[in-house]
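Residue-level listing of the chains:
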Amino acid sequence: MQDLPARHTRTGLFRLHADFASQVLKPRRTVLVYLPPGYYENPERRYPVLYLQDGQNLFDGATSFIHGQEWRVDETAERLIVAGKIEPLIIVGIYNTGATRLEEYTPTRDKRGRGGKGDLYSKLLTDELKPFIDRTYRTKTDAANTALGGSSLGGLISLWVGLKRSDTFGKLAILSPSVWWDEKAILKAITKKLVLKLWVDIGTSEGDSALPDTRLLRDALKEKGWKEGSELSYQEFEGAQHNESSWAARFDRVLLFLFPR
């Protein structure tokens, strides 16, 4: 573990855990932690935490899957925190492991025999990574102050984990979720209303089925009792595509909804 100066395209204070090991999933993975302004100047203060999938794409164009394209999570968080528009928070970027990403980010096996390690990944998040982060940093540990999110398959697995473990994650950021996976199996997982605050969004230029599929997700949530407004923010972004620049363009709205000052 080491402090990292702001370099490449990172902004702010980071700490790197380059070799996080799990007992339930073999690949070791990098975890990059963003700390809010004033973290070391206020040693008694505790902070809410947002865990995000595909950590290499969040903060630094030098590490992102498509070089130079990142979510600008750090710049957006710094700007909103300094402006007093959101609560200062810790953001944990969990790198995917490349070859095993699809296996870990899907909750069920499809008819082709792919995927299905989502429950193991859920255990990694809830039973291994979150306790480690809570031991290492000054976090608010309750579900109401713990959020989980991601895009595409990262959004799919974040929704799955949140529905199964709302006792741990009380807020979800679900961007452009892969509702299509395994014949829309995620819709069957929405069985009852939970104490769970959800941001769900989609771009209108993400492919033929993306928009109608995400509308089905919205409708399933509303049918079980989520009310748009304080409990559920469903947004469609005209012309937005399935890529990092589109997610970066709206990430400020995600933070403003989940962590308002």
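Above this text is the structure in question.
Every chain begins its residue count from 1, and numbering advances along the sequence as written. Local features are withheld for residues below a pLDDT of 70 in this predicted model, meaning they are given only at 70 or higher, and side-chain atom pairs are given and counted only at 80 or more; totals for whole chains, interfaces and linings count all residues. Just so you know, side-chain values use all the structure's heavy atoms and leave hydrogens and water out.

Q: Sorry if this is basic, but what is going on with the packing of aromatic side chains here?
A: The geometry of two aromatic rings is summed up by the distance between their centres and the angle between their planes. Between rings of Phe, Tyr and Trp, where Trp is taken as its six-membered ring, a pair exists when centres lie within 6.5 Å; planes separated by under 30 degrees are stacked, by over 60 edge-to-face, and by other angles tilted. With the rule as written, the count across this model stands at 12 aromatic pairs. For the pair Phe14 and Tyr34, a centre-to-centre distance of 5.8 Å together with 65° between the ring planes defines the contact as edge-to-face. Residue Phe14 is found in strand β2 (residues 13–20), and its partner Tyr34 is found in strand β3 (residues 29–35); the two are separated by 20 residues along the sequence. Accessibility assignment for this pair places Phe14 and Tyr34 in one class, buried. One aromatic cluster is present, built from ring pairs that chain together Phe14, Tyr34 and Phe59. Seen from the ring of Phe14, Arg10 lies directly overhead, with NZ or CZ sitting 5.9 Å from the centre. Lysine and arginine charges are scored as sitting over a ring when NZ or CZ, respectively, is within 6 Å of the ring centre and within 35 degrees of the ring normal. Looking at Lys193, its charged tip hangs above the ring of Trp226, at a distance of 5.4 Å from the centre. Only DSSP runs of H or I reaching four residues or more are called helices, and only runs of E reaching two or more are called strands; each is numbered from the N terminus. In this scheme, a residue with accessible area under 20% of its type's maximum is buried, one over 50% is exposed, and one in between is partly exposed, where area comes from a 1.4 Å probe on protein chains only.

Q: Would you mind showing me how to read the packing of helix α1 (residues 73–82) against helix α7 (residues 244–258) here?
A: How two helices pack is summed up by the angle between their axes together with the distance between the axes. Axis definition: a line fit to C-alpha positions, over the contact stretch in the case of helices; interaxial angles, taken between N-to-C directions, run 0 to 180 degrees. At a minimum axis separation of 10 Å, α1 and α7 run at an interaxial angle of 50°. If you check the angle between α1 and α7, you find them oblique. Note that α1 runs across α7; the crossing there is right-handed. Residues Val73, Thr76, Ala77, Arg79 and Leu80 of α1 form the contact with α7, whose participating residues are Phe251, Asp252, Leu255 and Leu256. Under the scheme applied here, ten amino acids are nonpolar (Ala, Val, Leu, Ile, Met, Phe, Trp, Tyr, Cys and Pro), four are charged (Asp, Glu, Lys and Arg), and all others, including Gly, are polar. The residue inventory of the contact of α1 with α7, partitioned by class, reads six nonpolar, one polar and two charged. Comment on the angle field: the value is read as roughly parallel under 35 degrees, roughly antiparallel over 145, roughly perpendicular from 65 to 115, and oblique elsewhere. Handedness of a crossing follows from how the near helix is turned relative to the far one, being left-handed for an anticlockwise turn of less than a right angle and right-handed for a clockwise one. We call two residues in contact whenever any of their non-hydrogen atoms come within 4.5 Å of each other.

Q: What's the story with the layout of surface pockets in this structure? I'm lost.
A: In this approach the atoms are scanned with a rolling probe the size of a water molecule, which exposes any empty space left behind. Volume-wise, the largest pocket comes out at about 240 Å³. What lines the largest pocket is a set of 14 residues, among which Asp54, Asn57, Phe65, Arg101 and Glu244 lie closest to the centre. Breaking the lining of the largest pocket down by element, the ones donating at least two residues are β6 (146–152) and α7. For the lining of the largest pocket, a count of residues per class yields three nonpolar, eight polar and three charged. Here the term cavity refers to a set of points on a 1 Å grid, laid over the protein atoms alone, in which a 1.4 Å probe fits but cannot get out; the term pocket refers to an open set having protein on both sides within 12 Å along at least five of seven lines, with lining residues being those that place an atom within 4 Å of a point. Grid points are joined across faces, edges and corners, and a volume is the space filled by probe spheres set on the points.

Q: Explanation requested: the pattern of salt bridges in the structure shown.
A: Side chains bearing opposite charge may pair, as long as their charged atoms lie close to each other. Should a side-chain nitrogen of Lys or Arg be within 4 Å of a carboxyl oxygen of Asp or Glu, the pair is scored as a salt bridge. Throughout the structure, instances matching the rule amount to 17 salt bridges. Asp60 is paired through a salt bridge with Arg10; the nearest N and O atoms lie 2.9 Å apart. Of this pair, Asp60 sits in the loop between β4 (49–52) and α1 while Arg10 is found in the loop between β1 (2–4) and β2, placing the two residues 50 residues apart along the sequence. Taking the relative accessible area as the measure of exposure, Asp60 reaches 1% and is therefore buried. Its salt-bridge partner being Asp219, residue Arg218 comes within 3.0 Å of it at the nearest N-O pair. You can call Asp219 partly exposed: its relative accessible area is 37%. Members of the salt-bridge network, linked through shared partners, are Asp127, Arg165 and Asp167.

Q: Is there a simple way to explain the nonpolar core in this structure?
A: Generally speaking, soluble globular proteins have nonpolar side chains that are buried together. Here, the term nonpolar core denotes a set of buried Ala, Val, Leu, Ile, Met, Phe, Trp, Tyr and Cys residues that are joined through side-chain atoms within 4.5 Å. Residues Val92 and Leu129 are the most contacted members of the largest nonpolar core, which totals 49 residues. Sorting elements by how many residues they give to this core places helix α4 (residues 153–164) first, with seven residues. Leu58, Ala173, Ala240 and Val254 belong to the second largest nonpolar core, which has 30 residues in total.

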